[in-house]
Amino acid sequence: MNYSETHVSNVETTKSRPDLKFVEKADEILETGGTLQLLWWSWKNGALIPGFTDYTTQETSATAVRLFETRVMPGLLQTAEYAAALESGNVVRGKTTQEQADTRVAFLLKRQRILAKTPPVAVFAIMDEAALRRPIGGPAVMARQLKHLEELAKRPKTALQVAPDALGEANPLYYPLTLLTMPNRSMLGYTETQQRGYLERDGATVAEWANDYDHLQIEALPRAASLAMIRKLRKDFEHA
């Protein structure tokens, strides 16, 4: 690591606080896939809701991620400007400081590096139609966000679907949900409220969540139709 044994020992025993450069090098040497950096960002800034880092430390190792978010784009699929616009609302409402908002966006962008892993992580995302129409940041930001989705759809092992508003009560999910498939083929679930996040390891509970997700995949628009809707809405925003 090119750090002295004394310095490493002091970090391990919490006598010294590591800087980001130290953590990045530790990630490289220990081959943790960026997990230590995610933990460092959470510890350094305290801008994340309780329970969320329990999830993100697992996310870095996942071989497949299944996403469903209500009213907004799933975080892993957000552009930086969309994420910043979304956080700006919390700043205006006084729920977070600008520094905390900037930290959350930076943290999100670091998480998105899992999309560049080799071999590629399988990503299955279902998005509410409302999330595609909700003008976060204004028409220009939304147009670029939707264009980003079109580009992501070209990735290997990636499937994007839209859950249309017309589903009504046929939509089995009314809460955000992420399912992680781990290297040992076990599955973890994650959901959250505005106050905290919940990483679920109980097999029976996760299986029930996965069943709801599977039903939503069946009810959602097929991939081609979903991409056609995304493209149409992107053009609408471009001409707004």
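Check the entry above for the structure.
Now for a look at the structure at hand. (Residues numbered from 1 in each chain as written. Predicted model: local features only at pLDDT ≥ 70, side-chain atom pairs only at ≥ 80, totals over all residues. Heavy atoms only, no water.)

Thoughts on unusual backbone geometry
- A cis amide bond, omega -5 degrees, links Thr118 with the succeeding residue Pro119.
- Position of Pro119 among the secondary structure elements: in the loop between helix H6 (98-111) and strand E2 (122-128).
- For Asn2, which is not glycine, the phi torsion reads 65 degrees and is therefore positive.
- Inspection of the secondary structure puts Asn2 in the segment before helix H1 (5-12).
- With a relative accessible area of 77%, Asn2 lands in the exposed category.
- Located in the positive-phi region is Lys157, a residue other than glycine, with phi close to 60 degrees. (Helix = DSSP H or I, 4+ residues; strand = E, 2+ residues; numbered from the N terminus. Buried < 20%, exposed > 50% of the residue type's maximum accessible area, 1.4 Å probe, protein only.)

So, the sheet that holds strand E6 (residues 197-200)
- Spatially, the 6 strands line up as an open sheet ordered E3-E2-E1-E4-E5-E6, and their pairing is mixed. Each edge of the open sheet is held by one strand with a lone partner, namely strand E3 (158-163) and E6. With direction set aside, neighbouring strand axes in the sheet form an average angle of 10 degrees.
- Sitting on the sheet, helix H9 (residues 203-219) touches strand E1 (64-69), E2, E3, strand E4 (177-181), strand E5 (187-192) and E6, and the angle it makes with E5 is about 80 degrees. (Pairing = 2+ DSSP bridges. Axes fitted to C-alpha atoms, helices over the stretch in contact; angles between N-to-C directions. Contact = heavy atoms within 4.5 Å.)

Some words on the pairing of E1
- Buried residues dominate E1, accounting for 6 of its 6 residues.
- Burial along E1 is two-sided: Ala64, Arg66 and Phe68 and Val65, Leu67 and Glu69, pointing in opposite directions, are all buried.
- Looking at chain direction, E1 and E2 are connected through 6 bridges and run parallel. Among the inter-strand pairings, Leu67 is bridged to a residue of E2, identified as Ala125.

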